[in-house]
Amino acid sequence: MAGLFVSFEGIDGSGKSTQARMLADHLRAAGHTVTLTREPGGSAGAEEIRRLVLEGAADRWSPETEILLFTAARRDHLEKTIRPALARGEVVICDRFADSTRVFQGLTRGDLRETVDRLHDLMIGTDPDLTLLIDLSPAEGLARATARQGSEMRFEDMGLAFQTRVREGFLALAAKAPQRFRVIDGARPPAEVATGVAA
Ligand code: ADP
Ligand code: TYD
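Please read all numbers here as calculations on a predicted model, not as lab measurements.

## Overview of the layout of surface pockets
Considered as a void within the structure, the largest pocket measures approximately 710 Å³ in volume. What lines the largest pocket is a set of 33 residues, and nearest its centre among them are Lys16, Ser17, Arg50, Arg96 and Arg148. Listed by contribution, the elements that provide at least two residues to the lining of the largest pocket are helix H1 (16-29), strand E2 (34-38), helix H2 (44-54), helix H3 (63-87), helix H4 (98-105) and helix H6 (138-148). At 5 residues, the largest contribution of residues to the lining of the largest pocket is made by H1. There is about 170 Å³ of room inside the second largest pocket. Leu23, Leu130, Leu132, Val197 and Ala198 are the residues nearest the centre of the second largest pocket, which is lined by 13 residues in total. For the lining of the second largest pocket, the per-class residue count stands at 10 nonpolar, 2 polar and 1 charged.

## Thoughts on the site of ligand 1
Close to ligand 1 lie 13 residues, the nearest being Gly15, Lys16, Ser17, Thr18 and Arg188. One of the backbone nitrogen or oxygen atoms of Gly15 is found 2.9 Å away from an oxygen atom of ligand 1. Backbone polar atom of Pro190 to a nitrogen atom of ligand 1: 3.3 Å apart, as the coordinates give it. For ligand 1, whose unbound accessible area comes to 550 Å², protein coverage reaches 72%. Those elements giving two or more residues to the shell around ligand 1 turn out to be H1 and H6.

## Focus: the side chain of Ser100
Positionally, Ser100 belongs in helix H4. Overall, the relative accessible area of 8% leaves Ser100 in the buried class. If sequence neighbours within four positions are ignored, Ser100 has contacts with Glu9, Gln105 and Phe170.

## Quick look at the site of ligand 2
Near ligand 2, the surroundings consist of 17 residues, among which Asp12, Lys16, Arg96, Thr101 and Gln105 are the closest. Within the side chain of Lys16, one N or O atom sits 2.7 Å away from an oxygen atom of ligand 2. Between ligand 2 and Arg50, the relevant distance is 2.9 Å, taken from an oxygen atom to a side-chain nitrogen or oxygen of the residue. When the free accessible area of ligand 2 is taken as 550 Å², the share hidden by the protein chains comes to 95%.

About the cut-offs
- Residues numbered from 1 in each chain as written.
- Chains lettered and ligands numbered in written order.
- Predicted model: local features only at pLDDT ≥ 70, side-chain atom pairs only at ≥ 80, totals over all residues.
- Heavy atoms only, no water.
- 1 Å grid on protein atoms, 1.4 Å probe; cavity = no way out; pocket = protein on both sides within 12 Å on 5 of 7 lines; lining within 4 Å.
- Points joined across faces, edges and corners; volume = space filled by probe spheres on them.
- Helix = DSSP H or I, 4+ residues; strand = E, 2+ residues; numbered from the N terminus.
- Nonpolar A, V, L, I, M, F, W, Y, C, P; charged D, E, K, R; others polar.
- Near = heavy atom within 4 Å.
- Polar contact = N/O pair within 3.5 Å; in protein donor to acceptor, adjacent residues only side chain to side chain.
- Areas by Shrake-Rupley, 256 points an atom, 1.4 Å probe, with all protein chains shown as cover.
- Buried < 20%, exposed > 50% of the residue type's maximum accessible area, 1.4 Å probe, protein only.
- Contact = heavy atoms within 4.5 Å.

That's the geometry; what it means functionally is another story.
Given below as structure tokens:
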């Protein structure tokens, strides 16, 4: 039996990881077997690539090089983690997936969407069954992400105007694929947001 593939998307600090964890707990309590995973990462090889793309100076990689790195990480994650879990009939909950590349690399620093789409078709060829977009204002997201700090700040360091384009990009994707996306208001306490996620 094929499993169910769910992704969370949103700007940095929108609360995706928190909601992904809460949904996994909720489904496990209901008796489902859940693989909770994330991108970039989610397999040993992809976690190594994660360090390359999330740490260091904002201008460390061009958008084109990033497309290759994120897609390489995604291909490994798909082969080693996602496909095997779906084949076992599990629910896979992924914190970010291909929509992040469509927006972060495809739209925010020039129009590279066609390149992203062609590489996706060639190397990934699949999308989640359901995508939950946690929507939040960039100012609030950046405040939350900055409070969390750490070394993985390359994209946060690109600033508020950048995160505004990211938010608009996600909302545009959701409007184009309403059957796959659910947009959830992230500007509420975690438990209230989770009620929207579980609905
Ligand atoms: P993301 O994965 O989207 O970057 P996180 O789930 O890691 O977001 O949340 C970013 C920060 O904001 C964390 O410190 C988290 O505890 C906090 N946070 C998450 N959800 C909420 C919420 N609904 N309201 C207020 N703070 C939140
Ligand atoms: P993530 O760990 O989800 O960060 P956060 O919790 O701050 O939202 O993602 C790390 C960063 O990687 C995030 O800024 C978005 C970026 N990213 C891309 O640019 N392209 C991609 O394909 C993915 C998966 C992530």
